[in-house]
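# Structural features, examined
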Amino acid sequence: MKQLNRWIAMGLLMLGVVFVVWGCAPYQKEEESPRTQAFESGEAEGAGKKGPKIGVSIYRYDDEFMRLYRLELKQYLEETYQAEVVMRNAGGDQEEQNRQMEQFIAEGCDGIIINPVEVQAAGRLADSASQAGIPLVFINREPGEEEQSRWKERKMAVSSVGTDSRQAGTYQGELLLEAPKKGDLNEDGTVSYAMLMGEEGNEDSRYRTEYSIKALEAGGMETEELFSGSGQWDQEKGEKLAKTALDTYGSRLEVIISNNDAMANGALKAAEEAGRIPGKDILLVGIDGLRDTVEYIKEGKMTGTVLNDHEGQARTASDILIKMLGGEEVDTAYLVDYIKITGISTFQNLEGEE
Ligand code: BGC
């Protein structure tokens, strides 16, 4: 995995990861203390070398992608800024997350990072942090443009770091266009697919779904949705949905598109159990670049995935927060690019390293 990480880091450098920025939210400069300046330089002063205390709330700990994300956040904040990180699991409960926010404030956190359970709760969370004078960064689920404009207008020390899931969906569609027969395995002129979606009402689910199909169609393919369901980002739920789709449509089903890798891994299990030969008589694609999925791609069972760069996102979120702690102006939103991962193009390099 270290090699993979190294390779991915190199890839990111080579591809020139672009942080696309929209909106600009200068906020009122708070008084800069020597301590906040020290946070910024990454070297807190004084004998104890104490960095900032950062509260982090994650929507659910049992989400594999968010597990990788939070580990990176903690490590990066501790190693780069000598931060004391207070990490909490909201367990999929918005009320619980609201309570955690109040605790972070009461416990004297210097900065807060929130992966919201419900993105609609962002306004309230932003107000709480702002009233307490504590900079806040939302991660993974970006609050809407209206909410972001409010931060800007009111000069609140609030920002967000995320991705453009239209890009992820487009890459997923393009991965299929690069696959055998562009996904139309039975050559009847139409790609017949099942769509395994993430949480309902989630922007990642919506855009990944929409843009994967748009890309296939832009590539000249007719498409037919045989089945669609919400597996809520979860491997077991994804497996169950895929089983239903496979049982119902049998060999008519050529492609299973999953909004994330956890569900794609579940779909792979279901396909194998149904006696299908993934990579040959059925194609599967995911998003995230989870370790298992990457292994399946190397084995030829999975057609491809799109790297959801949790390291880049965690580091950007941390850097932005530390800048705000130092009184710097930041933008309301930062987007980190996705990167396509296919068996053919990507892993030749990896093999060479091993
Ligand atoms: C990831 C999913 C994860 C979700 C949580 C998405 O960006 O691709 O794997 O479950 O975020 O919100």
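This text goes with the structure placed above it.
For the rest of this paragraph, the subject is the environment of Asp-331. Tracing the backbone through its elements, the reader meets Asp-331 in the loop between helix 12 (310–325) and strand 12 (333–336). Judged by relative accessible area, Asp-331 falls into the buried class, the value being 15%. Sequence separation between Asp-331 and Ser-160 is 171 residues, and the spatial gap between their C-alpha atoms is 8.4 Å.

Next up on the list: the pattern of salt bridges. Under the defined criterion, the tally for this structure stands at 24 salt bridges. Put simply, Asp-204 and Arg-208 hold a salt bridge, and the shortest N to O gap is 3.8 Å. Taken together, the residues span about one helical turn, with Asp-204 and Arg-208 both in helix 8 (residues 203–218) at a distance of four residues. Taking relative accessible area as the criterion, Asp-204 reaches 9% and is therefore assigned buried.

Right, let's get into empty space enclosed by the protein. Enumeration according to the criterion identifies one cavity of 30 Å³ or more in this entry. Within this model, the largest cavity holds a volume of roughly 130 Å³. Lining the largest cavity are 13 residues, with Asp-63, Phe-65, Asn-140, Asp-204 and Trp-233 positioned closest to its centre. Broken down by secondary-structure element, the contributors of at least two residues to the lining of the largest cavity are helix 3 (64–81) and helix 8. Its residues assigned to classes, the lining of the largest cavity shows four nonpolar, four polar and five charged. There are two domains that each give the lining of the largest cavity at least three residues, and those are domain 1 (53–163 + 309–336) and domain 2 (165–307).

As a further point, take the site of the ligand. The environment of the ligand is formed by Tyr-59, Asp-63, Phe-65, Asn-140, Arg-141, Asp-204, Arg-208, Trp-233, Asn-260, Asp-288 and Asn-308. At 3.2 Å from an oxygen atom of the ligand is found a side-chain nitrogen or oxygen belonging to Asp-204. Within the side chain of Asn-260, an N or O atom sits 3.0 Å from an oxygen atom of the ligand. Across the complex, the protein chains shield 99% of the 310 Å² of accessible surface that the ligand would expose by itself. Taking a 2 Å distance to the grid points as the criterion, the majority of the atoms of the ligand fall inside the largest cavity. A breakdown of the residues in the shell around the ligand according to their chemical character gives three nonpolar, three polar and five charged. Each of two domains, domain 1 (53–163 + 309–336) and domain 2 (165–307), supplies a minimum of three residues to the shell around the ligand.

Basis of the calculations
- Residues numbered from 1 in each chain as written.
- Predicted model: local features only at pLDDT ≥ 70, side-chain atom pairs only at ≥ 80, totals over all residues.
- Heavy atoms only, no water.
- Helix = DSSP H or I, 4+ residues; strand = E, 2+ residues; numbered from the N terminus.
- Buried < 20%, exposed > 50% of the residue type's maximum accessible area, 1.4 Å probe, protein only.
- Salt bridge = Lys/Arg side-chain N within 4 Å of Asp/Glu carboxyl O.
- 1 Å grid on protein atoms, 1.4 Å probe; cavity = no way out; pocket = protein on both sides within 12 Å on 5 of 7 lines; lining within 4 Å.
- Points joined across faces, edges and corners; volume = space filled by probe spheres on them.
- Nonpolar A, V, L, I, M, F, W, Y, C, P; charged D, E, K, R; others polar.
- Domains from an automatic or database assignment.
- Near = heavy atom within 4 Å.
- Polar contact = N/O pair within 3.5 Å; in protein donor to acceptor, adjacent residues only side chain to side chain.
- Areas by Shrake-Rupley, 256 points an atom, 1.4 Å probe, with all protein chains shown as cover.
- Sits in = over half its atoms within 2 Å of the grid points.

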